[in-house]
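# Structural overview for review
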Amino acid sequence: MDDHLTAAPLEAAINTYPVNLRINGQPHRFEVEAWVTLLDLLRERAGLTGSKKGCDHGQCGACTVLVGGKRINSCLTLAVMQNGKDITTVEGLADGVQLHPLQQAFIEHDAFQCGYCTPGQLCSAVGLMNEGQAGSVAEVRELMSGNVCRCGAYPGIVAAVTEVMGLPGRKDNPDRPYLPGTVPA
């Protein structure tokens, strides 16, 4: 081996930034590079793997978490941008062993199949309820449209959300055709 070809170690200075987050009610401090997304911080550094990396482009909603009670695609925001914020992941929805009412309703309505989208769906639905903008089944469908379920569990998801919200069942459009296994628009 030629000693003269040995390259000097590439030790470029990589700046890190302090990020303080309150995640599921617990304070956390991280030192992160500027490019670390909130999703990657939650999954890889905080060990909270409930939020899923689906498309990594904000199109599927599998990474949805709550920031200050509002839903956000965690793959589209940098961790440093959320410094000082309260983050709720699917792991933080339950109260100890007591499931969040929405989690229980998802079980009762078979609102998940493979379960990959379920954490994002649950966080999005909690955010939807916090927003207080859905007053009908159609509005629930529209406001949940940023969360994609490739198994087509939408009827169960909508039923679970509307039940917890106390909205009447499928009375928004009784003539709307419904075929199990199809994706409602």
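Residues numbered from 1 in each chain as written. Predicted model: local features only at pLDDT ≥ 70, side-chain atom pairs only at ≥ 80, totals over all residues. Heavy atoms only, no water.

## Observations regarding the packing of aromatic side chains
Taken as a whole and judged by the stated rule, the model has 0 aromatic pairs. Seen from the ring of Tyr-116, Arg-150 lies directly overhead, with NZ or CZ sitting 5.3 Å from the centre. (Phe/Tyr/Trp six-rings, centres within 6.5 Å; stacked < 30°, edge-to-face > 60°. Lys NZ or Arg CZ within 6 Å of the ring centre and 35° of its normal.)

## Digging into the pattern of salt bridges
Within this structure, the stated rule accounts for 5 salt bridges. Between Glu-33 and Arg-45 there is a salt bridge, with the nearest N and O atoms lying 2.6 Å from each other. You can see Glu-33 sitting in strand E2 (residues 26-33) and its partner Arg-45 sitting in helix H1 (residues 38-45), a full 12 residues away along the chain. Note on Arg-45: relative accessible area 37%, which makes it partly exposed. Residue Lys-53 pairs with Asp-40 through a salt bridge whose shortest N-O separation is 2.8 Å. (Salt bridge = Lys/Arg side-chain N within 4 Å of Asp/Glu carboxyl O. Helix = DSSP H or I, 4+ residues; strand = E, 2+ residues; numbered from the N terminus. Buried < 20%, exposed > 50% of the residue type's maximum accessible area, 1.4 Å probe, protein only.)

## Looking at helix H5 (residues 154-165)
Its 12 residues place the ends of H5 16 Å apart at the C-alpha level, agreeing with the 16 Å of an ideal helix rising 1.5 Å per residue. Tyr-154, Pro-155, Gly-156, Ile-157, Val-158, Ala-160, Val-161 and Thr-162 are the residues of H5 that are buried. If you follow the buried residues of H5, they end up packed against helix H2 (101-108), helix H3 (118-131) and helix H4 (137-143). One or two steps after H5, the chain reaches Gly-166, where phi turns positive at roughly 75°. (Expected span 1.5 Å × (residues − 1). Contact = heavy atoms within 4.5 Å.)

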